[in-house]
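The chain contents come next:
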Amino acid sequence: MIPRLVPAFPGRLAPLLMVICLALAAEGRAQSLTDLLPPSSGTSDQEPSQDQGDSSQQTSGSGDNQASSSSNDGEGEGEEAPPPEPSPNPVQPDLEGEVEVPVKSQLPGTETADIRQQIQVLREALDQRQSALQSSRQRLAHAQSLLERLNNEYASFELRLEKAGLNLTTEYARLLRQRLDRLENQAIDAGLIDGISEQLSAAREEQLRLEEYGAIAAPDATARDRMNQKRIELIEQLHSAVTRHIEVLNDYYSTVIELQDRFYAYQELLQQRLFWLPSAAPVTVDMVRNLYQGGAWFLSEFQWPALVEAVEQSVSERGLRILLMAIVLTLLLAKRKNTYQALVRSGKHVGNVGKDRIYHTLAAATFTLLLSLPSVLALSIGALLLKEGNTFFSALATGLAGAAFVTLLLRVLHSVARKDGLGERHFRWNADTLKAIRRNIPLLLAILVPVTIIMAPLDTAAGSAFNDSLGRVLFIIASAALSLFAHRVMTSVRLHHPEQRLLKVVHILAVATPLVLALASLWGYHHTAIQLEGLMFISLCWLAFVILLYYMALRGLAVRERRLTLERLREQRAADRRLAEAREAAGSSGEGVPVSLDMPEMDLKDISHQSKALLKILAVVLAGVVLWVFWADVIPALQVFDNITVWSIGTGEEALPISLGDLMIALLFGVGTVLAARNLPGTLEVMVLSRMNLEPGAGYAITTMVTYVIVFVGIAAALAGIGLQWSKLQWLVAALGVGLGFGLQEIVANFVSGIILLFERPIRVGDTVSIGETTGTVSRIRIRATTLVDWDRKEQIIPNKTFVTQDLTNWTLSDPITRVIIRVGVAYGSDVDAVRDLLHDLAVNNERVLEEPAPAAFCVGFGDSSVNFELRVFIRDLLDFMPLSHELHSAITHALRDASIEIPFPQRDVHIRTTATTPDPERPNDREA
């Protein structure tokens, strides 16, 4: 199927097809259903056949309705239903392609126009609207008739195919395929639907204008004379006609949409049924004779006059495009050596942390693509030169375009595998595998390109007779080439992993699958084998492209991780140096400091693991989704999940069925949410946050909030997948929020306060803070609580709400500089100026005291026994407080003593007063004394 499916699939691989899409414009357009004008007398019972297949249908079987009735009769009699027979008159939804111009009435002004003129204009508008209404009714009746016939034919055909199963003849399968080919060349023109929409909009606008016009004309339109009365009647009739026209257009629009949906469903039914039916008889001896005849026919079609005419017409139509592509091809060939040298130079700095950048890999990818383009452009130019030829050369141009697509895919892979290229230098792929790819891709191209080119003319009416012979042989040759290529590549892969069973299984499947499909083609399932092999080829190319994207992203992560590791090492060294200084200062101050600070940032190993895990998940999801799209239309089993209803939400007509497919998608959303929440923070740290100049802790806050958002969105998406929309859950969420607010008030308050702390950042890890009676260093900030290590090295777990609602002193928030005040008293009679100068000199000479702000000494008052001074100094770190206090007190004591300045003791005068007393005769103690 490579030659046939390849031209149909480039649109699905846009990243690899940008060049081809620019080179080759889509010239073949599907025949529009709306180009077939309906008979003037309504639908016809007999319609002319479109091709040879339709003629066969008219002569080989009875109608669908007749066969359906026969089938029903057979059921009543208990007999086995006969195989279904094609309808001699298949329904063709032949809607008119030209849509009527929207009717717009030019209503005269009530003040400027004469009443007779108004009546005349209104009559003309009414006649025009009634004519348009009649035409729309005829179109609606015709469309409804086609829809009814198509629905009956579809239902009958589906029922008979279901009863017959796979018990269908080869001739019947051929007729079904001809019908499918005819249907695939037809489509309801989008201009028809757009035209109906325009008519509806114009009719609604005129309806509104008539209402306004009638309101303006009503005050003067009294029954005084017949003219005014006639104008009122015409306005009402025109408004009624416009209203009926709107209703008819609405019905017409709905009918056309339904007809289009049924038409696509008919195509899908035929595709699913034909996929498992034999398309040709098994190989016989006659195939050799037909093979010779096919080769002779192919060579005989190369007529020099026709070729010259095709080239001349194509040049006249696309001369500029062909010239531009030829210039680009010439430049690529001229600079091919320089391009390869640039590719080699791009890998020179790979692995060097200081010079390695991701743009080196992006440049290598660009050079790889440029090296792949010359042969692609040559084939594309050939396709453009033959595009305007006869049927044979036009089909040959299609084959050349398909060959260009195949060449692009394989040449890109070959360029990736070049020596010192993208795969070897940048991705570090296995050298033996790359060598095997380099050696075998030219051989594969030498077989697939001619096969793709020759197969295209076999799809024409003249070449279809040789499709089962020459086409089958070409398909077998292509399958054998693919099998040989897979064997050689997988052999080189397994050289380094000989014991891995998975690789052995993949090796067997890769080699056996093309050969099995070749045998199926020989057995008669030629169409099925072509479809499967084409899809497999496209799928493998898509997987290769996803792998290339994965390694490109992995390479970017690796470069960023290495640079981030270097930055973290530098930051860690600086932090260790500061911590050592703090420990030294703490050792002399007698205060305790944390052993280490728990900075809110991710570990590099976690970042690397999470980033790689997320990339793998994204690659698998991307590959799986696109592969599902590729294969869903071919394998009916992939659509069975949408037909199994698990439960329904609601009752009656508004019930929303939830299928097994919806449930599986919801589960995938749930799993994806868990994986993303676990692995996205690491990737976010590497790719985004590390490039921003963020304060410590800000990155942690951002990743935390992103994780919460991912969880919330994932849960909402999973619930929506199973039918629980937000409109049905909002009251439950509101009630749950109220319950959490009351029942878990403190926890929620601490949670919200933690978010405020992480973003507002009034405290940071490493800050020295005082809250209440506790002073210490912040060692950890989490969502619920913050950990402080006090001077006794005790860890205080403080809820985050406390930091938000209570008074907080942060000694090091914006400036770690702190003032220290030393109070000194000297005896009365001391020289005040000398004391002040002495204190100032001691402060200036201390290394711990900052020069800015400058220290100062002041005489601040008179005490009971001393003159009081204050020495005010500033220190760089709070841990210098106690050592500086000790040093200054000691220095002041020695300096004052050396200067003979007394530090007075507290003085108190004690007066003892005695009085004479006479002994009391009543007290014996006094007498004895």
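It should be emphasised that the depicted structure is a prediction, and the values quoted were computed from it without experimental measurement. (Residues numbered from 1 in each chain as written. Predicted model: local features only at pLDDT ≥ 70, side-chain atom pairs only at ≥ 80, totals over all residues. Heavy atoms only, no water.)

Turning to the overall build of the chain, a few remarks are in order. Helices and strands together make up the secondary structure of the chain, namely 27 helices and 12 strands. Within the chain, the proportion of its 929 residues that are buried is 42%. For the chain, long-range pairs separated by at least 24 residues make up 78% of all intrachain contacts whose partners lie at least 6 apart in sequence. Surface accessibility of the chain: about 50,500 Å² in total, with carbon and sulfur atoms responsible for 57%. (Helix = DSSP H or I, 4+ residues; strand = E, 2+ residues; numbered from the N terminus. Buried < 20%, exposed > 50% of the residue type's maximum accessible area, 1.4 Å probe, protein only. Contact = heavy atoms within 4.5 Å. Areas by Shrake-Rupley, 256 points an atom, 1.4 Å probe, with all protein chains shown as cover.)

Time to look at the sheet that holds strand E11 (residues 856–862). Spatially, the 3 strands line up as an open sheet ordered E10-E12-E11, and their pairing is antiparallel. The sheet is open, and its two borders are formed by strand E10 (818–826) and E11, each paired with just one other strand. The average undirected angle you get between the axes of adjacent strands in this sheet is 25 degrees. Summarising the sheet, E11 and strand E12 (residues 867–875) pair through 6 bridges and their orientation is antiparallel. (Pairing = 2+ DSSP bridges. Axes fitted to C-alpha atoms, helices over the stretch in contact; angles between N-to-C directions.)

Okay, the side chain of Arg 472 next. Following the sequence through the fold, Arg 472 ends up in helix H16 (residues 467–494). Not counting chain neighbours up to four residues away, the residues in contact with Arg 472 comprise Ala 280, Ala 281, Pro 282, Val 283, Asn 467, Ser 521, Leu 522, Gly 524 and His 526.

The strand order E8-E7-E6-E5-E9 describes an open sheet built from 5 strands, whose pairing is antiparallel. One side of each edge strand has no neighbouring strand; the edge strands of this open sheet are strand E8 (795–799) and strand E9 (809–810). Examined bridge by bridge, strand E6 (residues 774–781) and strand E7 (residues 785–790) share 5 bridges and lie antiparallel to one another. The residue bridging Gly 776 from the neighbouring strand is Asp 790, located in E7.

Leu 448, Phe 537, Trp 542 and Phe 630 are the most contacted members of the largest nonpolar core, which has 79 residues in total. In terms of residue count, the dominant contributor to this core is helix H18 (residues 526–589) (15 residues). Judged by nonpolar contacts, the second largest core, of 22 residues, contains Val 849, Phe 869, Leu 896 and Ile 901. (Core = buried A, V, L, I, M, F, W, Y, C linked by side-chain atoms within 4.5 Å.)

To continue, consider helix H25 (residues 832–844). Look at H25: 19 Å from first C-alpha to last across 13 residues, which is about the 18 Å you get at 1.5 Å a residue. Every buried residue of H25 is listed here: Val 835, Leu 838, Leu 839, Leu 842 and Ala 843. Down the axis of H25, the smallest arc covering the buried residues is 135 degrees, so these residues share one side. Elements that come into contact with the buried residues of H25 comprise E10, E11, E12 and helix H26 (881–898). Where H25 begins, the capping side chain belongs to Asp 831, and its oxygen is found 3.2 Å from the backbone nitrogen of Asp 833. (Expected span 1.5 Å × (residues − 1). Arc of directions from axis to C-beta. Polar contact = N/O pair within 3.5 Å; in protein donor to acceptor, adjacent residues only side chain to side chain.)

On to the pattern of salt bridges. Applying the stated criterion to the full structure yields 9 salt bridges. A salt bridge links Arg 318 to Glu 388; the shortest N-O distance between them is 2.7 Å. A residue pair is termed long-range when its members are at least 10 positions apart, and Arg 318 in helix H10 (residues 304–334) and Glu 388 in the loop between helix H12 (358–386) and helix H13 (391–416) qualify at 70 residues. For Arg 318, a relative accessible area of 4% translates into the label buried. Between Arg 872 and Glu 870 there is a salt bridge, with the nearest N and O atoms lying 2.8 Å from each other. (Salt bridge = Lys/Arg side-chain N within 4 Å of Asp/Glu carboxyl O.)

Turning our eyes to something else, we now look at the pairing of E6. Taken together, the 4 bridges between strand E5 (residues 768–771) and E6 define a ladder with antiparallel strand orientation. Looking at E6, one finds that Thr 768 is bridged to Thr 777. Adjacent in sequence and paired antiparallel, E5 and E6 are bridged by 2 residues, among which Gly 772 carries a positive phi angle near 65 degrees. Joining the antiparallel neighbours E6 and E7 is a turn of 3 residues.

Attention now moves to the packing of aromatic side chains. Applying the stated criterion to the full structure yields 13 aromatic pairs. On the basis of an interplanar angle of 45 degrees and a centroid distance of 5.2 Å, the ring pair of Phe 427 and Trp 429 is categorised as tilted. The class of Phe 427 is buried, set by a relative accessible area of 7%. Pairing Trp 429 with Tyr 551 gives two aromatic rings, centres 5.2 Å apart and planes at 85 degrees, and the pair type is edge-to-face. Taken together, the positions of Trp 429 in the loop between helix H14 (422–426) and helix H15 (431–455) and Tyr 551 in helix H18 put the pair 122 residues apart, joining distant regions of the chain. Among the residues examined, Trp 429 registers a relative accessible area of 23% and is labelled partly exposed. Accessibility expressed as a relative area gives 26% for Tyr 551, which makes it partly exposed. An aromatic cluster is built from Trp 297, Phe 298, Phe 302, Phe 392, Phe 393 and Phe 466, whose rings are joined through pairwise contacts. (Phe/Tyr/Trp six-rings, centres within 6.5 Å; stacked < 30°, edge-to-face > 60°.)

Glancing now at unusual backbone geometry. Cis peptide bonds are those with omega within 30 degrees of zero, and the linkage from Glu 852 to Pro 853 qualifies with 0 degrees. Its place among the elements puts Pro 853 in the loop between H25 and E11. In this model, Asp 420 sits at a positive phi of 60 degrees, which is unusual for a non-glycine residue. Its location among the elements puts Asp 420 in the loop between H13 and H14. The phi angle at Arg 428 is positive, at roughly 60 degrees, despite the residue not being glycine. Inspection of the secondary structure puts Arg 428 in the loop between H14 and H15. Judged by its relative accessible area of 56%, Arg 428 is exposed.

Attention now moves to the side chain of Ser 521. Turning to its location among the elements, Ser 521 is positioned in helix H17 (residues 501–523). Ignoring sequence-local partners within four residues, the contact set of Ser 521 consists of Arg 472, Phe 475, His 526 and Ala 529.

The next point concerns the environment of Ala 623. Turning to its location among the elements, Ala 623 is positioned in helix H19 (residues 604–632). It is 8.8 Å that separates the C-alpha atoms of Ala 623 and Ser 539, two residues lying 84 residues apart in sequence. What Ala 623 contacts, discounting residues up to four positions off in sequence, is Trp 542, Leu 543 and Val 546.

On the secondary structure map, Val 473 appears in helix H16. Separated by 48 residues in the primary sequence, Val 473 and Ser 521 have C-alpha atoms spaced 9.3 Å apart. Those residues in contact with Val 473 that lie beyond four places of it in its chain are Met 287 and Leu 291.

Before going further, it helps to examine the packing of helix H11 (residues 336–345) against H12. Closest axis-to-axis distance for the H11/H12 pair is 9 Å, and the angle between their directions is 150 degrees. Taken together, the axes of H11 and H12 are roughly antiparallel relative to one another. Both H11 and H12 take part in a crossing whose hand is left-handed. Contacts between H11 and H12 pair Arg 336, Thr 339, Tyr 340, Ala 342 and Leu 343 from the former with Ala 364, Phe 367, Thr 368, Leu 370, Leu 371 and Pro 374 from the latter. Of the residues that constitute the contact of H11 with H12, the class distribution is 8 nonpolar, 2 polar and 1 charged. (Parallel < 35°, antiparallel > 145°, perpendicular 65-115°, else oblique. Left-handed = near helix turned anticlockwise from the far one by under 90°. Nonpolar A, V, L, I, M, F, W, Y, C, P; charged D, E, K, R; others polar.)

Following the sequence through the fold, Gly 556 ends up in helix H18. Its relative accessible area of 12% is what places Gly 556 among the buried residues. Linking Gly 556 and Leu 362, residues 194 residues apart in sequence, is a C-alpha distance of 9.6 Å.

The geometry of helix H9 (residues 286–300) relative to H16 is characterised by a closest axis approach of 8 Å and an angle of 85 degrees between their N-to-C directions. It follows from the interaxial angle that H9 and H16 lie roughly perpendicular. Only Asp 468, Ser 469, Leu 470 and Val 473 of H16 make contact with H9, whose side of the interface consists of Met 287, Asn 290, Leu 291, Gly 294 and Gly 295.

Turning our attention to a nonpolar patch on the surface. Taken together, the side chains of Tyr 708, Leu 744, Ile 747, Val 748, Phe 751, Val 752, Ile 756 and Val 804 define a hydrophobic patch exposed on the protein surface, amounting to about 590 Å² of accessible area. In terms of residue count, the dominant contributor to the nonpolar patch is helix H23 (residues 745–760) (5 residues). Relative to the helices and strands, Tyr 708 is located in helix H21 (residues 698–721). On the accessibility criterion, Tyr 708 (33% relative accessible area) is partly exposed. (Patch = residues over 30% accessible without salt bridge, like charges linked within 9 Å, V, L, I, M, F, W, Y side chains within 5 Å.)

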